[in-house]
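What follows is each chain in one-letter form.
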Amino acid sequence: MSRVARKPVALPQGVTATVDGDTVTVKGAKGALKLPLRRGLTLVQEGQTVQVQVAQPDREALMHAGSLRAHLANFAKGVSTGYEKKLELVGVGYRAQAQGGNLNLTLGYSHPVVYVAPEGITIETPTQTEIVVKGVDRQKVGQVAAEIRAFRSPEPYKGKGVRYSGERIELKETKKK
């Protein structure tokens with residue numbers, strides 16, 4: 001078993017994990033998430049910690065044990081504090097505006113781009129050039145941020161586009177005569 005799988009998952013205050021057949025449900029203040037259990041894996045709960053155990057140490061069960069433990073840790077953090085990704089718009093005339101569950105983007109195209117947020121994700125725009133994606137599921141928050149960034153990813157000459165907050169774009173030098 002991997003080192004990651006051996007480490008127990010500490011559940012924060014107010015978070016519960018329950019096993020129902022072949023699914024694990026993690027509930028907290030911000031919501032609930034479900035995760036399917038693979039064949040050959042079981043969970044043992046002792047107080048506020050959950051340990052992943054392998055029933056039969058075959059190759060497939062050992063491979064998935066570390067992943068299950070990592071997903072449980074992400075779910076525990078997500079339902080207690082949540083996840084957020086920040087994006088920045090760089091470029092003249094690039095703007096973002098959140099309206100309900102939609103995000104309206106003006107990214108230099110001849111048409112506005114409208115992004116509909118999936119269920120469980122909230123999108124906020126503190127300013128016209130900042131986007132904050134929040135949610136309980138870490139994978140979903142990252143996927144939504146990546147999809148928004150893909151509408152106009154930063155170009156390498158001027159650095160214009162949608163970038164993650166703190167992302168450093170290495171600019172290329174222009175052609176010389």
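Position numbers for residues start from 1 in each chain and track the written sequence from start to end. In keeping with the predicted nature of the model, local features appear solely for residues at pLDDT of at least 70, side-chain atom pairs appear and are counted solely at 80 or more, and the whole-chain, interface and lining totals rest on all residues. By convention in this description, side-chain values take in all heavy atoms of the structure and omit both hydrogens and water.

For our purposes a nonpolar core is just a set of buried Ala, Val, Leu, Ile, Met, Phe, Trp, Tyr and Cys residues, chained together by side-chain atoms within 4.5 Å. Buried residues are those whose accessible area, probed at 1.4 Å on protein chains only, stays under 20% of the maximum for their type, while exposed residues exceed 50% and partly exposed ones sit between those limits. Counting residues in each nonpolar core, the largest one holds 22 residues, and the members touching the most others are L11, V26, L43, V50, V52, L68 and L72. Helical segments are the DSSP runs of H or I of at least four residues, strand segments are the runs of E of at least two, and each set is numbered from the N terminus. Elements supplying a minimum of two residues to this core: β3 (23-27), β4 (32-36), β5 (41-46), β6 (49-54) and α2 (59-80). Here, residues are in contact when the closest pair of their heavy atoms is within 4.5 Å. Excluding residues that lie within four positions of it along the chain, L68 makes contacts with L35, L37, L41, L43 and V52.

This next bit is on the packing of aromatic side chains. Stacked, tilted and edge-to-face are the three classes applied to pairs of Phe, Tyr and Trp rings, where Trp contributes its six-membered ring and a pair requires centres within 6.5 Å; stacked means planes under 30 degrees apart, edge-to-face means over 60, and tilted covers the rest. Applying the stated rule across the entire model yields one aromatic pair. Relative to F151, the ring of Y115 lies with its centre 6.0 Å away and its plane at 70 degrees, an arrangement referred to as edge-to-face. Placement of the pair is Y115 in strand β10 (residues 113-116) and F151 in the loop between α3 (138-150) and β13 (161-164), with a sequence separation of 36 residues. Relative accessible area serves as the criterion here: at 26%, F151 is assigned to the partly exposed category. Distance and angle both matter: a charge sits over a ring if NZ of Lys or CZ of Arg is within 6 Å of the ring centre and within 35 degrees of the ring normal. Its end group placed over the ring of Y164, K85 keeps NZ or CZ at 5.2 Å from the ring centre.

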